[in-house]
Amino acid sequence: MIRNYFKTAIRSLWKNRTFTALNIVGLTTAFGVALLLAMFAVFQLSFDSFHEQGEYLYQVYSEDSTPNGFEANISKPEPFAVALRDEITGVERITRYNGSGILLSHKDKQLGMHVAYVDPDFFDMFSFPIVKGDVQNPITSESAVVITEKAAKRIFGDENPIGQTVAILRDEEQVPFIVTAIVKDFPDTSSMGFDVVLNFKSQPNHAYARTIGRWDIENHEVYMQLSKGMTPLQFEKSTTDFTQLHYKNEIDDAKRDGVQPNSNGIYKQIKLLPLADIRFANFNQGAVTVNRTMPYLVLGIAILIVFIACVNFINMSIAKSVQRLREIGMRKTLGAGEGQLFFQFWGESILVFLTSTGLGILTASLLLQPFQALFRTRASFVTLLSPSILLGLILSVVVITLIAGGYPALLMSRLGTLQSLKGKLENSRKNHLRNSLIVLQFGIAILLISGTLVLQNQVEFMRTKDLGFNKDQVIAFPLNGKRNDQQALQLLRDALENKTNIVSITASNNILGYGKDGNRSTSVLGFEYQGRGVDTHMLVVDADYVETLDLNLIKGRSFRKNLASDSLSVIINESMAKQLNEKEILNSRIILDDSVAFSVVGVIKDFNFQELDRNIAPMTLFALPNWNLRNAYVKVAPQNLEQSYTNVKAAWASIEPNAEFQGSFLNENIDRTLRNERTMTTMIGSGSILAIFLSCIGLFAMSLLIVAQRRKEIGVRKIVGASVSAITVLLTKDFLKLVAIAFLIATPIAWWAMSKWLQNYAYRIDLNIWIFLAAGGIAVLIAMMTIAGKTISAATSNPVKSLRTE
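Caption draft 1: Summary view of the overall build of the chain. A tally of regular secondary structure across the chain gives 25 helices and 25 strands. Expressed as a percentage of its 806 residues, the buried residues of the chain come to 50%. Long-range pairs, those at least 24 residues apart, make up 79% of the contacts in the chain between residues at least 6 apart in sequence. For the chain, the exposed surface amounts to about 38,100 Å²; the carbon and sulfur share of it is 55%.

What follows is the structure in structure tokens.
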């Protein structure tokens, strides 16, 4: 019986091979792409899920009341972690965490590494298994260093690293550390990334010694493991007295300045952020928000693509049933029951779906590497190998086969015998279903096209926006060599002095955008000014910073070379000037640490020094001598930028031959900050193209069937004088009406969704109707091109042949 079903199904599919091929192509494409998108979404959602104690691990942050509203703060002072562990019940383990770049040397090797400074509890909290060396106390000693397997391979090759000594550049000295353990390379789904792990107390003195015991300097993150039985809410409530005690001065200042507390009357509330939420947390404004829009959006696109392909299959199967009416009638006359007919037609569907599933997996395999490169992801088939995910995928295929294949089979098996033998069918109901599904298909496509156009316009707007500084002619790179920053900067100036294409050189302790090394930091400084608290971002710069970046100086002057008094001068931006609120801002004095006074010598126009989805915050530039500047900026002439880049790279190689040159133009750095937006645009754009492609497959198949069913009508109309254009319009207008209805439904939804999304950006485009008209126009044009060929061919065919066709 099963063999007979199989043979009959093969014959039927081969007989209708055009529609079989269209179904297999559509389903294969949908399954293959959906599998890739599912990989991406699951990969993103599985970040940090590998930690055995993950459900008890949290990042500690605080919600602070400020004059500008609530601010989320993840930076903590040096004594915070120990005090929290000792004074609050519920802390099982706790660790401080500070990541940065270091220069590590061993024999003749000099390597840039990413270091994590942590407390000894770190390896007991997080699942970073030690594969060799001291398992119990790997970083208890301040002279101990733990390295990953990859780092060990880079440093020692095939040698045994345990017990060997490496030198790390710290405070301009080569400090020896002993390798005590090798940690297994962390998975790709880890939010934390490092090459080297050191004791928290092993930080450079300039970054650590001045913070010991001080609650007014915050410069690192804190993670804790909550005791079992204690809920995050219980723990947060129990910290009220802790903050009142240790942040008394800060809270008193907030009260004095008229700052409003939260709904519970608290000015500083300690909060816990689950480890699984860290990758999706947004600390930009106010309270922390967790946003998983990206992976769920990608998963949604995958589902929509499969849905459109299934709609095509259902539509074509129902439409083809008209051509199989006599077959159904004959089978019923010869004794076939509804169950036999159902399994016959459903068997055909199963064959198509199984073939498409196999080809879809093959397609995903072939496209995996280009997909990984395009979307900068390490997602792979391994991502989907967990039993629960595999079971979910298998069940999804089964359900899709049951619904998309079973529904048409059920309809055909229930047709009456006489009705089938007549070859006529009251199909208005099915036409309603078919038309509704086509509207839904094109509605989804128009929605995705609209989203793509809005996203592209927003990304381009941010990319080309005037950020207030010169991003096209400035090369930025980290000063990552052995020499101290001031010395390296001077040698760089000497090396490029005679190059006519080099305009100016400067440096600062932070970089604009994201550099090639991926590092970026910010410092916020708080101080008293005329009896009230003032906060400002702090940037330490070298002379010529304003000129090199073409910042707009609107009052006063820039810093001057070799002017000793400028070490006690500052330049502020407009936002900072508004905060100080002085009629004569120049020569106003800012007093720090109750003793050191800095004079305001200049005011610059606001420029975007943070992410482009934020409003510009107050900024103060300092010219502090002997400060660690970290990043160099080289302004070059607009002609022959490639040669200028080569000159800068060669100059750095002559100064630090063992240090990697990680230079890039600032416009590249800004583009890196838009990486998520670009990925989202590409995802939705690819989804819209595929949605249109799949919808057009269905539309093309439907046009073939409609033309075949109306062949005699076309012949009669031509004989009585109908023109080619009139017949073409007759055959296409019904489809175009459906696309127009889809546009009217999808446009308001797209407008609402895009408006909500744009609210996330401080600087955004204005939505206009032309974007959505363009999306509708694209859909209509593609629909017309899809059905035009077959309809024109039918309209120009010989009417005699049409009328002879039985």
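Caption draft 2: Molecular detail of the sheet that holds strand β16 (residues 502–508). Read from one edge to the other, the open sheet built from four strands follows the order β16-β24-β15-β25, with strand pairing classed as antiparallel. The open sheet has two edge strands, β16 and β25 (664–665), and neither has a second partner. Inspection of the sheet shows β16 paired to strand β24 (residues 631–636) by six bridges, in the antiparallel sense. Across the sheet, residue Ile502 finds its bridge partner in β24, namely Val636. Helix α16 (residues 485–495) rests against β15 (474–478), β16 and β24 of the sheet, and its axis sits at about 175° to β16.

Caption draft 3: Seen up close, the side chain of Glu78. Here Glu78 lies in the loop between β3 (76–77) and α3 (80–87). For Glu78, a relative accessible area of 11% gives the class buried. Polar side-chain contacts of Glu78 include one of 2.8 Å to the backbone nitrogen of Gly213.

Caption draft 4: The arrangement of the nonpolar core in detail. Phe442, Phe469, Leu512, Tyr545, Leu549, Leu621 and Tyr633 are the most contacted members of the largest nonpolar core, which has 103 residues in total. At 14 residues, helix α2 (residues 17–45) tops the list of elements feeding residues into this core. Apart from the residues within four sequence positions on either side, Phe469 is in contact with Leu512, Leu549, Asp550, Leu551, Phe607, Asn608, Leu666 and Ile670. Counting residues in hydrophobic clusters, the runner-up holds 41 residues, among them Ala488, Ile505, Tyr529 and Ala651.

Caption draft 5: View of the packing of α16 against helix α19 (residues 641–655). Between α16 and α19, whose axes approach to 10 Å, the crossing angle comes to 130°. When the axes of α16 and α19 are compared, the pair comes out oblique. The crossing of α16 and α19 is right-handed. Together, Ala488, Leu491, Leu492 and Ala495 of α16 and Ala651, Trp652 and Ile655 of α19 make up the contact between the two elements. Split by residue class, the contact of α16 with α19 holds seven nonpolar, no polar and no charged.

Caption draft 6: Representation of the packing of aromatic side chains within the structure. All told, the structure shown has 29 aromatic pairs when counted by the stated rule. Feature note: the residues Phe50, Tyr97, Phe122, Phe123, Phe126, Phe128, Phe186, Phe194 and Tyr223 constitute an aromatic cluster, connected by ring pairs. Here the guanidinium or amino end of Lys76 rests over the ring plane of Phe80, the centre of that ring lying 5.7 Å away. Stacked on the ring of Phe47, the Lys or Arg Arg279 has its end atom at 3.7 Å from the ring centre.

Caption draft 7: Fine view of unusual backbone geometry. Of note in the backbone geometry, Arg376 takes a positive phi value of approximately 50° without being a glycine. Structurally, Arg376 can be placed in the loop between α12 (338–375) and α13 (387–413). One non-glycine residue, Asn581, adopts positive backbone phi at about 55°. Accessibility expressed as a relative area gives 63% for Asn581, which makes it exposed.

Caption draft 8: View of a nonpolar patch on the surface. Residues Ile394, Val398, Val399, Leu402 and Ile403 make up a contiguous nonpolar surface patch of roughly 440 Å² in combined accessible area. Along the polypeptide, Ile403 turns up in helix α13.

Caption draft 9: Local environment of the pattern of salt bridges. Per the counting criterion, the structure on display carries 21 salt bridges. Notably, a salt bridge pairs Arg96 with Glu78, separated by 3.2 Å at the nearest N-O pair. Linking Arg96 in strand β4 (residues 91–106) with Glu78 in the loop between β3 and α3, this pair joins segments that are 18 residues apart in sequence. In this structure, the salt-bridge partner of Arg678 is Asp671, at a minimum N-O distance of 3.5 Å. Accessibility expressed as a relative area gives 26% for Asp671, which makes it partly exposed. Among the ionic contacts, a cluster of salt bridges with common partners joins Asp64, Glu250 and Lys268.

Caption draft 10: Region of interest: the environment of Ala783. Its place among the elements puts Ala783 in helix α24 (residues 769–796). Of the residues examined, Ala783 reaches a relative accessible area of 0% and is grouped as buried.

Caption draft 11: Fine view of the pairing of strand β9 (residues 173–183). Here strand β6 (residues 130–133) runs beside β9; their pairing, made up of three bridges, is antiparallel. Bridged to Lys132 within β9 is Ile182. Here strand β7 (residues 144–148) pairs with β9 via five bridges, running parallel. From the neighbouring strand, Val146 faces β9, where its bridge partner is Ala181. Summarising the sheet, strand β8 (residues 165–170) and β9 pair through six bridges and their orientation is antiparallel. Paired with Ile168 across the strands is Val175, a residue of β9.

Caption draft 12: Examining α3 more closely. Among all positions of α3, only Phe80, Ala81, Ala83 and Leu84 are buried. The buried residues of α3 occupy an angular sector of 165° when the element is viewed end-on, so they sit on one face.

Caption draft 13: Broad picture of α16. Listing the buried residues of α16 in full gives Asp485, Ala488, Leu489, Leu492 and Arg493. Looking straight down α16, one finds its buried side chains confined to an arc of 140°; they lie on one side. Residues of α16 that are buried sit in contact with β15, β16, β24 and α19. Taking the backbone nitrogen of Gln486 as reference, a side-chain oxygen 3.1 Å away marks Asn484 as the first, capping residue of α16.

Caption draft 14: Seen up close, the environment of Glu348. Position of Glu348 among the secondary structure elements: in helix α12. For Glu348, a relative accessible area of 7% gives the class buried. Taking the C-alpha atoms as reference points, Glu348 and Thr20, 328 residues apart in sequence, are found 9.8 Å from one another.

Caption draft 15: A look at the confidence of the model for the chain. Confidence along the chain averages 82 in pLDDT terms, with 85% of residues attaining 70 or more. When pLDDT is averaged over each element of the chain, strand β10 (residues 196–199) comes out on top at 95 and helix α14 (residues 417–422) at the bottom at 49.

Caption draft 16: Examining the environment of Tyr247 more closely. By the secondary structure assignment, Tyr247 is in the loop between α8 (240–246) and α9 (248–256). If we ignore the near neighbours within four places in the chain, the residues touching Tyr247 are Lys76, Pro77, Phe80, Trp215, Glu218 and Lys268.

Caption draft 17: Spotlight on the side chain of Ser227. Relative to the helices and strands, Ser227 resides in the loop between β11 (218–226) and α7 (232–237). By relative accessible area, which is 18% here, Ser227 ends up buried. Look past the residues within four positions of Ser227 in its chain and what remains in contact with it is Gly90, Val91 and Glu92.

Calculation criteria
Residues numbered from 1 in each chain as written. Predicted model: local features only at pLDDT ≥ 70, side-chain atom pairs only at ≥ 80, totals over all residues. Heavy atoms only, no water. Helix = DSSP H or I, 4+ residues; strand = E, 2+ residues; numbered from the N terminus. Buried < 20%, exposed > 50% of the residue type's maximum accessible area, 1.4 Å probe, protein only. Contact = heavy atoms within 4.5 Å. Areas by Shrake-Rupley, 256 points an atom, 1.4 Å probe, with all protein chains shown as cover. Pairing = 2+ DSSP bridges. Axes fitted to C-alpha atoms, helices over the stretch in contact; angles between N-to-C directions. Polar contact = N/O pair within 3.5 Å; in protein donor to acceptor, adjacent residues only side chain to side chain. Core = buried A, V, L, I, M, F, W, Y, C linked by side-chain atoms within 4.5 Å. Parallel < 35°, antiparallel > 145°, perpendicular 65-115°, else oblique. Left-handed = near helix turned anticlockwise from the far one by under 90°. Nonpolar A, V, L, I, M, F, W, Y, C, P; charged D, E, K, R; others polar. Phe/Tyr/Trp six-rings, centres within 6.5 Å; stacked < 30°, edge-to-face > 60°. Lys NZ or Arg CZ within 6 Å of the ring centre and 35° of its normal. Patch = residues over 30% accessible without salt bridge, like charges linked within 9 Å, V, L, I, M, F, W, Y side chains within 5 Å. Salt bridge = Lys/Arg side-chain N within 4 Å of Asp/Glu carboxyl O. Arc of directions from axis to C-beta. pLDDT = per-residue confidence, 0-100.

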